[in-house]
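Residue strings, one per chain:
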Amino acid sequence: MSSVYPKIGFVPTMGFLHEGHLSLVRAARRECDRVVVSVFVNPVQFEANEDLGLYPRDEARDLELLRAEGVDEVWFPTVEDVYPEGLDNFERIHPPTYLTDVFCGIDRPNHFSGVATVVKRLFEKVQPTDAYFGQKDYQQTRIVDWLIQAYSPLIRLHVCPTVREPDGLAMSSRNTYLSSEERTLALQLRKALIGLEESFLSGQRSVEDLEQEFKVSLSSPDLELLYAEIRSAKDLKWLNEIQNKVVAAVAVRIGKTRLIDNVLL
Ligand code: AMP
């Protein structure tokens, strides 16, 4: 029997939308009565030396794409809407360190507290029953899972598959920063993940050996490897051997662009 309460599906984004974002919108559209999308470049999840000022924006195009998808409400909050107390005064939410002090949290130490803080505030305003996030930002989905359990356990979290370009590159708003040579180099991420998947499927279970192979497949003078690691998919904890579901995740810097990707094994 269906519920008498409407299902409100929420897709938080930072805009400059692509098919990856729209896949979340379509999943929400299929499964919910109302769909709300927010477009907000959250300043508190950027480190001081990052691309906040350069982050690509095109609100008119975003609105057009979302209208075409039949979204019921598009919200473009201002910084004051989300942080009325000001950016010097707001209280940060701190997820547990086992989720934040790994993977992207190493070179982005304030990123996930910024994500948790904004998502909590957006949830409070939108009051969704269902929230849609992409697997591409896998660590973010674990942070949101923790946030929901801690603050709003009735929200259902949906993690949607990573949408890729035809050649395998994970779609990202930051791909627009890449020159054509950098764009070609970026394909290494997907190749390395496919190689890892093949080794896993052929029976390799030692995390140390798989990580070694993972790192070697990403070694290139033009690519700064930030991490290439395998951890428990549930809580991102370190392990010796693969027995349950794991996530293999990678981050690199190519020129000025930071790119991430992952696969679940
Ligand atoms: P962003 O605008 O980058 O903050 O992303 C907003 C949401 O879209 C997040 O839940 C992302 O994980 C998701 N997303 C971004 N890129 C992709 C992609 N290529 N495939 C699926 N979801 C994505």
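Small disclaimer: the values here were computed from a predicted structure and weren't measured. (Residues numbered from 1 in each chain as written. Predicted model: local features only at pLDDT ≥ 70, side-chain atom pairs only at ≥ 80, totals over all residues. Heavy atoms only, no water.)

Chemist: It is not clear to me how the nonpolar core should be interpreted in this structure. Could you clarify?
Modeler: Nonpolar side chains tend to gather and get buried jointly when the protein is soluble and globular. Membership of the largest hydrophobic core comes to 37 residues, with the highest contact counts inside it found for Y83, F103, V118, V119, F123, Y227 and L236. The element best represented in this core is helix α6 (residues 111-126), accounting for eight residues. Formed by 26 residues, the second largest nonpolar core is a distinct cluster that contains L169, L210, L223 and I254. (Core = buried A, V, L, I, M, F, W, Y, C linked by side-chain atoms within 4.5 Å. Buried < 20%, exposed > 50% of the residue type's maximum accessible area, 1.4 Å probe, protein only. Helix = DSSP H or I, 4+ residues; strand = E, 2+ residues; numbered from the N terminus.)

Chemist: Looking at this structure, how should I read the packing of α6 against helix α7 (residues 138-151)?
Modeler: Relative orientation and spacing of two packed helices are given, respectively, by the angle between their axes and the distance between those axes. Close contact between α6 and α7 brings their axes to 10 Å; oriented N to C, the two are set at 50°. Relative to α7, the element α6 is oriented oblique. By crossing handedness, the relation of α6 to α7 is classed as right-handed. Contact residues: F112, V115, A116, V119, K120 and F123 in α6; Q139, Q140, I143, V144, L147, I148 and Y151 in α7. Of the residues that constitute the contact of α6 with α7, the class distribution is ten nonpolar, two polar and one charged. (Axes fitted to C-alpha atoms, helices over the stretch in contact; angles between N-to-C directions. Parallel < 35°, antiparallel > 145°, perpendicular 65-115°, else oblique. Left-handed = near helix turned anticlockwise from the far one by under 90°. Contact = heavy atoms within 4.5 Å. Nonpolar A, V, L, I, M, F, W, Y, C, P; charged D, E, K, R; others polar.)

Chemist: Is there a simple way to explain the sheet that holds strand β2 (residues 34-39) in this structure?
Modeler: Within a sheet, neighbouring strands are paired by backbone hydrogen bonds and run either parallel or antiparallel to one another. Strand order across the open sheet formed by five strands is β3-β2-β1-β4-β5, with parallel pairing between neighbours. Since the sheet does not close on itself, it has two edges, and those belong to β3 (73-75) and β5 (156-160), each with one partner. Across the sheet, the mean angle separating the axes of adjacent strands is 25° when strand polarity is ignored. The sheet contact formed by strand β1 (residues 8-13) and strand β4 (residues 130-134) spans two bridges and is parallel. The residue of β4 that forms the bridge with F10 is A131. (Pairing = 2+ DSSP bridges.)

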